[in-house]
Amino acid sequence: MKSQKDTPVVREAEETAVAILGWLAGEPELLSRFLALTGVAPSEVRNAVDDPGFLAGIVDFLMGHEPTLLAFTAATGMQPEAVVRAHEILSGPYGSHDF
């Protein structure tokens with residue numbers, strides 16, 4: 001049986017999380033706060049991107065503060081609904097279970 005994690009929907013959610021991380025990289029204060037909250041060292045970010053929990057944490061960080069979410073969507077042109085969808089997928093059953 002194919003893992004739910006291998007679907008285009010999950011890949012799209014992961015791409016959204018990586019886009020958020022890329023945007024955070026250009027926002028040093030926000031990136032520092034995110035890393036402090038997660039306990040991930042800057043030197044560990046590259047490897048952490050392969051961790052589904054880290055990706056979920058990136059999206060959760062953005063979802064936890066509406067002004068930051070709106071700043072991200074304004075800067076990138078991504079719709080807020082795409083971030084909400086990524087959050088649901090990465091933080092919900094799709095991101096944590098095989099079906």
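To be clear, the structure that these remarks concern was listed above.
Cut-offs applied
Residues numbered from 1 in each chain as written. Predicted model: local features only at pLDDT ≥ 70, side-chain atom pairs only at ≥ 80, totals over all residues. Heavy atoms only, no water. Helix = DSSP H or I, 4+ residues; strand = E, 2+ residues; numbered from the N terminus. Buried < 20%, exposed > 50% of the residue type's maximum accessible area, 1.4 Å probe, protein only. Contact = heavy atoms within 4.5 Å. Areas by Shrake-Rupley, 256 points an atom, 1.4 Å probe, with all protein chains shown as cover. Arc of directions from axis to C-beta. Axes fitted to C-alpha atoms, helices over the stretch in contact; angles between N-to-C directions. Parallel < 35°, antiparallel > 145°, perpendicular 65-115°, else oblique. Left-handed = near helix turned anticlockwise from the far one by under 90°. Core = buried A, V, L, I, M, F, W, Y, C linked by side-chain atoms within 4.5 Å.

Engineer: Account for the overall build of the chain, with residues named and values stated.
Structural biologist: Scanning the chain for helices and strands turns up 7 helices and 0 strands. The secondary structure elements of the chain, listed N-terminal to C-terminal, are α-α-α-α-α-α-α. For the chain, the residues scored as buried account for 35% of the 99 residues in total. A fraction of 67% describes how many contacts in the chain between residues 6 or more apart in sequence connect residues 24 or more apart. Of the accessible surface of the chain, which amounts to about 5,900 Å², a share of 55% is contributed by carbon and sulfur atoms.

Engineer: Now, about the side chain of Thr68: what can you tell me, with residues and values included?
Structural biologist: Within the secondary structure, Thr68 sits in helix α5 (residues 66-76). In this structure Thr68 comes out as buried when scored by relative accessible area, which is 6%. Beyond its immediate sequence surroundings of up to four residues, Thr68 is in contact with Trp23, Leu30 and Leu62.

Engineer: Could you give an account of helix α2 (residues 28-38), naming the residues involved and the relevant values?
Structural biologist: All of the buried residues along α2 are Leu31, Phe34 and Leu35. With its buried residues spanning 95° around the axis, α2 presents them on a single face. Across α2 from its buried face, at more than 90 degrees, point the exposed residues Glu29, Arg33, Ala36 and Leu37. Gly39 occupies a position one or two residues after α2 and carries a positive phi of about 80°.

Engineer: Got a sec to walk through α5? Specific residues and values, please.
Structural biologist: Residues lying three or four places apart along an α-helix face the same way, a consequence of the helix completing one turn every 3.6 residues. Three or more residues of α5 are buried, namely Thr68, Leu69, Phe72 and Thr73. Projected down its long axis, α5 carries its buried residues within an arc of 135°, all on one side. Residues of α5 that are exposed and point over 90 degrees away from its buried face: Glu66, Pro67, Ala74 and Ala75. The inward-facing, buried residues of α5 abut α1 (8-25), α2, α4 (52-63) and α6 (80-91). The positive-phi residue at the C-terminal boundary of α5 is Gly77, with phi of around 80°.

Engineer: Can you break down the packing of α2 against α4 residue by residue, with the values?
Structural biologist: Any two packed helices are characterised by how steeply their axes cross, that is the angle between the axes, and by the distance between the axes. Contact pair α2 / α4: the axes reach a minimum separation of 11 Å and the direction vectors enclose 130°. Taken together, the axes of α2 and α4 lie oblique to each other. For the crossing formed where α2 meets α4, the hand is right-handed. Along the contact surface, α2 presents Leu30, Arg33, Phe34 and Leu37, while α4 presents Phe54, Gly57, Ile58 and Phe61.

Engineer: So, the nonpolar core: which residues are in play, and what are the values?
Structural biologist: Core analysis: the biggest nonpolar cluster contains 26 residues, and Ile20 and Phe54 have the highest contact counts within it. Apart from the residues lying within four places of it in its own chain, the contact partners of Ile20 are Ile58, Val59, Leu62, Phe72 and Val83.

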